[in-house]
Amino acid sequence: MKEIYLWLVRLMSLMSSWHRKSQVVYLMSFGDNVPFIEALVAALPAGTKVTVFYRPQQQAAAERLAQQGIETVIFRDDLTFVFKGIPRIMRARLVFCDNYYAFLGGLRHPKQMRIVQVWHAVGAIKRFGWDDPTTVDRSASDKRRFQAVYDHFDEVVVASPAMGQVFTTSYHLSSDRMQVLGYPRSDRLFDPQWLTATRERVYREAPALAGHRVIVYAPTYREGVTFAPPAGLAAALTSDPDARVVVKLHPALAAQSPHLQQALGDQLVTAKGLSTTELLTVAETLITDYSSVAFDYSLLPNAHSLLFYLFDLSTYELGPGVQPDLFDWLPSPALTDNEQLTTAIQQDAAVDFTQFNSHWNRANDGEATQRVVARYVALLAN
C-alpha cells in the first residue's frame, strides 16, 4: 500500500509540475513554530500565498493561524491529500517541514522548489534515521523510501554544527545542506515577557507549585519500547519532602501514568492543562532520559539542575539507541538506579550548562527567527 500511495503522489506531482512556483507551504506536526510562521508571513512580499498543512493534533495551533488570515488545511496521508494537497504543494517555491513526511519520497522535486527541514528538536540524544540500529533490519524497499525522503531536504536548519553532524550521519546528507541559524521556536525562551506570562499561567493553573521547589519528570516517547519504571521510582522522586513533583508522560505512555502518579502521594501536582515547555519555566529540577526537552530547559534562566535518569540504558541502546558521544557532553552524570537519583535530588547541585549549550545551542540566542526569516525571504526574491 505504501508503494501505491507514493506512486500516486509521484503521478499527481508530475501532472502538477507545470504550476508556477511562487507560494510557501509549511507542513506542521508540532505547534511550537507558530510565532515563526507568523513572522515569516509578515515579512513575505505582498501577495505571497502561504498554506499550512497541519496534523489533526495541531488543531489549536491551526486555529490561531487561521484567525490571522493564514490558510490552514488539515493533513492526513490519504487520497484527499494526494489529489487536492499535492497540486497545492507543487505551487510552492518554499516548503518547510518540521518532521519526517513519508509522502516526500514520491514527490517530484522541481529545481525551483526549496524544501527546508526545521525539525522539532534542538539536539539529539537518541539515534534516528540510518543511525538507528534497528534500521539495518528493515527491508530494502523501506530503506529506499527512507532515503528518498531524506534526499528531498535541500537545507536543514540547525542550532549547532553538532546537530548538523547528526543529520549528516542520520540522513546521509552532505554537510553543505546544514544551515546553522538557530531554531526559531527557541526564541521565546529568551523573551522576558513570554516567561513572565507563562509562569503566571502555570501558577494560576497549578497553584500548589507556588513557593516550592518544582521537579518535573519528563521521560521521552518510546515507540515500540516498553516503559516500565523500576519499583521505588516514586520514593526517589519525592525524596525532597519540600518539593512538588509534576510527571509529564508522553500520551503513548499514558497507561503507566495513573500507577506512578498514585505512588507519588501528596507531593504530586497534576497539570494536565499545561505543556511540558510551560512547566519548564518554573522547574528548578528537570529529570529526563533521552528527551530533547533537555536542550530547551538548559536555555532557561531558572534552570538549576538537569538529571538524566537512564534506568533502561542497556536495552534502549539496542534500539533506537543513543548518540555514540553521549557521555562526552552530558552536563551531569548519568543516573542508572533509584539510589543515584535519590542522592542527586537531595544534593540539588547546580549544573553548569556552558559547555552543553555551546555544543548544542550555539545559534539559539533569541534571534533565530530573524535569521531564518531573512534567509528564506531573500531566497524568494532570487
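Our structure's up above, just so we're on the same page.
Rules used in this analysis
- Residues numbered from 1 in each chain as written.
- Predicted model: local features only at pLDDT ≥ 70, side-chain atom pairs only at ≥ 80, totals over all residues.
- Heavy atoms only, no water.
- Helix = DSSP H or I, 4+ residues; strand = E, 2+ residues; numbered from the N terminus.
- Buried < 20%, exposed > 50% of the residue type's maximum accessible area, 1.4 Å probe, protein only.
- Polar contact = N/O pair within 3.5 Å; in protein donor to acceptor, adjacent residues only side chain to side chain.
- Contact = heavy atoms within 4.5 Å.
- Patch = residues over 30% accessible without salt bridge, like charges linked within 9 Å, V, L, I, M, F, W, Y side chains within 5 Å.
- Areas by Shrake-Rupley, 256 points an atom, 1.4 Å probe, with all protein chains shown as cover.
- Salt bridge = Lys/Arg side-chain N within 4 Å of Asp/Glu carboxyl O.
- Core = buried A, V, L, I, M, F, W, Y, C linked by side-chain atoms within 4.5 Å.
- Pairing = 2+ DSSP bridges.
- Axes fitted to C-alpha atoms, helices over the stretch in contact; angles between N-to-C directions.
- Parallel < 35°, antiparallel > 145°, perpendicular 65-115°, else oblique.
- Left-handed = near helix turned anticlockwise from the far one by under 90°.
- Nonpolar A, V, L, I, M, F, W, Y, C, P; charged D, E, K, R; others polar.
- Right-handed = clockwise from strand over helix to strand, strands pointing away.
- Phe/Tyr/Trp six-rings, centres within 6.5 Å; stacked < 30°, edge-to-face > 60°.
- Lys NZ or Arg CZ within 6 Å of the ring centre and 35° of its normal.

A. View of the side chain of Asp289. Mapped onto the secondary structure, Asp289 falls in the loop between β10 (285-288) and α11 (293-297). According to the relative accessible area criterion, Asp289 is buried, its value standing at 1%. Of note is the side chain of Asp289, whose polar atom sits 2.8 Å from the backbone nitrogen of Thr220. Excluding residues within four positions of it along the chain, Asp289 makes contact with Ile125, Pro219, Thr220, Arg222, Phe308, Tyr309 and Leu310.

B. Layout of a nonpolar patch on the surface. Taken together, the side chains of Trp7, Leu11 and Met15 present a nonpolar region at the surface, about 340 Å² in accessible area. In this structure, Trp7 sits in helix α1 (residues 2-15).

C. Quick look at the nonpolar core. Among the nonpolar cores identified, the biggest contains 82 residues, and Phe103, Leu107 and Phe167 are the most heavily contacted of them. In contact with Phe167, other than residues within four places in its own chain, are Trp119, Phe128, Val156, Val158, His172, Leu173, Met178 and Tyr183. Tyr26, Ala61, Leu65 and Leu380 belong to the second-largest nonpolar core, a separate cluster that totals 27 residues.

D. Representation of the sheet that holds strand β1 (residues 23-28) within the structure. Read from one edge of the open sheet, seven strands run β3-β2-β1-β4-β5-β6-β7, paired in parallel fashion. The sheet is open, and its two edges are formed by β3 (71-74) and β7 (178-180), each paired on a single side. Shown here is a sheet whose adjacent strand axes are inclined to one another by a mean of 20°, direction ignored. Alignment of strand β4 (residues 92-97) against strand β5 (residues 114-117), held across four bridges, turns out to be parallel. In the strand pairing of β5, Phe96 is matched with Val116. Sheet strands in contact with helix α4 (residues 79-89) are β1, β2 (50-54), β3 and β4, and its direction is about 145° off that of β2.

E. Region of the structure containing the environment of Met12. Tracing the sequence through the fold places Met12 in helix α1. Every residue in contact with Met12, bar those within four places of it in the chain, is listed here: Val82, Phe83, Ile86 and Pro87.

F. Spatial organisation of the packing of helix α2 (residues 34-43) against helix α3 (residues 59-66). Interaxial distance between α2 and α3 falls to 11 Å at its minimum, and their mutual angle equals 25°. Regarding the angle of α2 to α3, the classification is roughly parallel. Crossing of α2 over α3 shows right-handed handedness. Of the residues in α3, those in contact with Val34, Pro35, Ile37 and Glu38 of α2 are Ala61, Arg64 and Leu65. Here the residues of the contact of α2 with α3 are counted per class, giving five nonpolar, no polar and two charged.

G. Here's a closer look at the pairing of β5. Sheet topology places β5 next to strand β6 (residues 155-158); two bridges connect them, and they run parallel. Residue pairing in the sheet places Val116 in a bridge with Glu155 of β6. Following the chain from β5 across helix α5 (residues 140-151) to the adjacent parallel β6, one finds a crossover that is right-handed.

H. Representation of the pairing of β3 in the model. In terms of strand pairing, β2 meets β3 through four bridges, oriented parallel. Following the sheet pairing, Val52 is matched in β3 by Thr72.

I. Representation of the side chain of Thr168 in the model. Residue position: Thr168 is located in helix α6 (residues 161-171). Contacts of Thr168, omitting those with residues within four sequence positions, involve Leu173, Ser174, Ser175 and Met178.

J. Quick look at the packing of aromatic side chains. By the definition in use, this model includes 28 aromatic pairs. With 5.9 Å between their ring centres and 85° between their planes, Phe53 and Phe81 make a pair best called edge-to-face. Placement of Phe53 in strand β2 and of Phe81 in helix α4 is noted, with a sequence separation of 28 residues between them. Both residues of the pair, Phe53 and Phe81, count as buried. Plain terms: the ring middles of Tyr150 and Tyr171 are 3.9 Å apart, the flat faces sit at 10° to each other, and that makes the pair stacked. Taken together, the positions of Tyr150 in helix α5 and Tyr171 in helix α6 put the pair 21 residues apart, joining distant regions of the chain. A single burial state applies to Tyr150 and to Tyr171, both of which are buried. Sitting above the plane of the Phe75 ring, Arg55 keeps its charged end 4.2 Å from the centroid.

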